[in-house]
Structure formats: C-alpha cells, structure tokens
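Structure assessment
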Amino acid sequence: MKILIAYFSKNGHTKRVANDLAKNLKADIEEIVDLKDRRGLKGWLESGRDGMKGYLTEIREIEKKPKNYDLVIVGTPVWGWNSTPAARTYIANNKDDFKNLAVFITSGDTKPEKTVASLETVLNGNKVLTFEGWSEKELKDEKIYREKLERFITNTTKKNIF
Ligand SMILES: Cc1cc2nc3c(=O)[nH]c(=O)nc-3n(C[C@H](O)[C@H](O)[C@H](O)COP(=O)(O)O)c2cc1C
C-alpha cells in the first residue's frame, strides 16, 4: 500500500500533522508550495480573501505523482472559513489521478466540514474518503492531538480500499 501525504502549511501546524502522519503510515511526503507572495499584512488580508472566495493559485511543480499512490492524504489550514488556494489548486490539478483521497485540516476553531466540502468542489463529483480536523487548542493538547491522529489513521486505513 503506497501512501502520499501532500500538505500546505504557512505557520507549521499542518506541517506537524503531515510529518506525524507520514511517520505513522510510513508514507511519502510532499510540501505544496504557494508561489504567490503572501508576506505582511497585505499578504495576510489577501490570503483570507483568496481562501474565502475559493480562488486557485500558482503552486510549485510537484515531485511525487499522485497516480503512483493507492491513497493520497491532503492537508490544509483553514483560511477565511475555507480551504487554502494552494491545497485546492493541488487537488484541482491532479483530480483525475487520485485512487483514494483523504483530507486533514488545522484551524483556529473553524470546523472542518465546510473546508472539506470546498475541496470536493474541485474534485468533479468525487468525494473524499475520510477527513479529520484539529483546532489550535486541540493541537496544543497532546492527548486530544494523539487521539485524533490515531482515529484518523484507523478510519482511513480500515476503509476497504487496498
Ligand atoms: C490568512 C489566514 C486566514 C485564516 N482564517 C481562519 C478561519 O477562517 N478560521 C479559523 O478557524 N482559522 C483561520 N486561520 C488560522 C489557521 O487556520 C490556523 O492557525 C492553522 O492551524 C494554520 O496552519 P499552518 O500553521 O499550517 O499554516 C487563518 C490563518 C491565516 C493565516
């Protein structure tokens, strides 16, 4: 079973979850890099707007091809109550190449459901297999963090996909 974790992370929360998932699942990992300049107040305001409005962006060319994996797990922060332009663009660019797609989300406190639904809009009618979300408070609570990590891994790998 070959698994790829592809994540976008601006401040490191999503990267931390991606690294822990990769370690636990013995998965390959790919960082999704947004090529738009998002520094400073202007960058922050535009990021919130771009997230909220569902905009796509330009991302760095990927190194690992999703079609070579049985399962791809995409990680994104919440921006503007929505997914990030970089994660959306990654999914949109590769939508025909996912055998199975799962999603994880980190946020201030926004629940993951709407973010997952926004990612599914670029999947052409396909649905994600499973998802999990961590708020910033949950990321700081080691017990809850680990419980959710284990739940996500169990839910994702118990699906009869391999
Ligand atoms: C531009 C921007 C917009 C954000 N909008 C939201 C939001 O609408 N709801 C929320 O709960 N958190 C929001 N956040 C907080 C992030 O989702 C949260 O800190 C996340 O864990 C950051 O992930 P990262 O460290 O991997 O970049 C926003 C953060 C940024 C930078």
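The following refers to the structure shown. This one's a predicted model, so the numbers in the text were calculated from it and none came from an experiment. Position labels on residues start from 1 in each chain and follow its written sequence. Local features in this predicted model are restricted to residues of pLDDT 70 or higher, and side-chain atom pairs are both shown and tallied only at a pLDDT of 80 or more, whereas totals for entire chains, interfaces and linings draw on every residue.

A strand pair is defined by DSSP finding two or more bridges across the two strands. A run of H or I in DSSP becomes a helix once it reaches four residues, and a run of E becomes a strand once it reaches two; helices and strands are each numbered from the N terminus. Of the pairings in the sheet, the one linking strand β1 (residues 3–7) to strand β2 (residues 28–31) comprises four bridges and is parallel in character. Bridging from a neighbouring strand, L4 pairs with D28 of β2. On the question of chirality, the crossover connecting β1 to the parallel β2 by way of helix α1 (residues 13–25) is right-handed. For the handedness criterion, the strands are oriented away from the viewer, and a crossover whose path from the first strand over the helix to the second runs clockwise is classed as right-handed.

Only the C-beta atom matters for nearness: placed from the backbone, it must lie within 6 Å of the molecule or strand for the residue to count as near. Close to the ligand lie 22 residues, the nearest being S9, N11, T14, P77 and G108. No other element matches the four residues that helix α2 (residues 40–53) contributes to the shell around the ligand.

Here we take up the sheet that holds strand β5 (residues 131–135). Taking strand neighbours across the sheet as the criterion, the five strands line up as β2-β1-β3-β4-β5 in an open arrangement whose pairing is parallel. Each of the sheet's edge strands pairs with one partner strand only, and the pair in question is β2 and β5. Sheet twist, expressed as the mean angle between neighbouring strand axes with direction ignored, is 15°. Across the sheet, helix α6 (residues 142–158) is in contact with β4 (101–107) and β5; its angle to β5 comes to roughly 170°. The axes used here are C-alpha line fits, helices contributing only the stretch in contact, and every angle between their N-to-C directions lies in the interval 0 to 180 degrees. Contacts are defined on C-beta atoms placed from the backbone: any two residues whose C-beta positions lie within 7 Å are in contact.

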